[in-house]
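# Structural overview for review
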Amino acid sequence: MLRARDEMDRSYAEPLDVPALARVAHVSPAHFIRTFKQTFGETPHRYLQRRRVERAMLLLRSTDRTVTDICMAVGFSSLGTFSRVFADVVGEPPSVYRRRGPLAPVPSCFGMRWLRPSEKTRPSEKTAVPEKSGDGAHP
C-alpha cells in the first residue's frame, strides 16, 4: 500500500488508474481499493484528488498562473471537476482561495502541513476564529 501511495504522491499529475496502482502494490484491484481505504482512511481516488488539490492550493497562492492552467498542471482534465472537487476539499472555490493572497514566508514544510487538506479539518476551518455568543460564553 505504501508503494502505491508513494507512486500517487510522485505521479499525481499523471493519469493513474486503480489497476495500475494495484499492480504496484502487487494485489488485485478490488483488494487494493479495500485495503487502501482500511489503511489510509479514504479510497485511492479520493486520496489522489486530495493530493492534486493540495498541490493546486500551493500554486494558486504562490504563482500567477491561471486557474485553468493550474487545473491541468495538477492532473485534472476538466475545470468544472477541478472547481467542484477543490470546493469540496477546501471549502471554497479556487478563485476565492486565491484571494487570500501570497503564502507567509515560513519554511515550506510548515506551510504544507498547515495547509494540507484533510477530511476532518478544512484549511478554512483552521483559520476560523470562534465567535462569542451573546451571553459572553464561547460556543
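Residues numbered from 1 in each chain as written. Predicted model: local features only at pLDDT ≥ 70, side-chain atom pairs only at ≥ 80, totals over all residues. Heavy atoms only, no water.

### Some thoughts on the side chain of Arg50
- Mapped onto the elements of the fold, Arg50 is located in helix 4 (residues 44–62).
- By relative accessible area, which is 12% here, Arg50 ends up buried.
- Separated by 2.5 Å, the side chains of Arg50 and Glu42 make a polar contact. (Helix = DSSP H or I, 4+ residues; strand = E, 2+ residues; numbered from the N terminus. Buried < 20%, exposed > 50% of the residue type's maximum accessible area, 1.4 Å probe, protein only. Polar contact = N/O pair within 3.5 Å; in protein donor to acceptor, adjacent residues only side chain to side chain.)

### With respect to the nonpolar core
- In this structure, Phe32, Val53, Val74, Phe76, Phe82, Phe86 and Val90 are the most contacted members of the largest nonpolar core, which totals 25 residues.
- At the level of secondary structure, the elements contributing two or more residues to this core comprise helix 1 (2–10), helix 2 (18–25), helix 3 (29–40), helix 4, helix 5 (67–73) and helix 6 (79–90).
- The element contributing the most residues to this core is helix 4, with 7 residues.
- Non-local contacts of Phe82, meaning those with residues more than four positions away in its chain, are made with Ala56, Val67, Cys71, Val74, Phe76 and Pro94. (Core = buried A, V, L, I, M, F, W, Y, C linked by side-chain atoms within 4.5 Å. Contact = heavy atoms within 4.5 Å.)

### A look at the pattern of salt bridges
- Using the criterion set out here, one finds 7 salt bridges in the structure.
- Between Asp69 and Arg65 there is a salt bridge; the shortest N-O distance is 2.8 Å.
- Arg65 gets classed as partly exposed once you look at its relative accessible area, which sits at 31%.
- Residue Arg100 is joined to Glu92 by a salt bridge in which the shortest nitrogen-to-oxygen separation is 2.9 Å.
- Overall, Arg100 belongs to the partly exposed group, its relative accessible area being 32%.
- Salt bridges here are not isolated pairs; linked through shared partners, they connect Asp9, Arg51 and Glu54. (Salt bridge = Lys/Arg side-chain N within 4 Å of Asp/Glu carboxyl O.)

### Quick notes on the packing of aromatic side chains
- Evaluated as defined, the whole model comprises 6 aromatic pairs.
- On the numbers, 4.7 Å between centres and 55 degrees between planes, the contact of Phe36 with Phe40 is tilted. Of this pair, Phe36 and Phe40 both sit in helix 3, 4 residues apart, roughly one helical turn.
- We classify Phe36 as buried; its relative accessible area is 0%.
- Feature note: the residues Phe32, Phe36, Phe40 and Tyr47 constitute an aromatic cluster, connected by ring pairs.
- One residue, Arg51, lies across the ring of Tyr12, its end atom 4.9 Å from the ring centre. (Phe/Tyr/Trp six-rings, centres within 6.5 Å; stacked < 30°, edge-to-face > 60°. Lys NZ or Arg CZ within 6 Å of the ring centre and 35° of its normal.)

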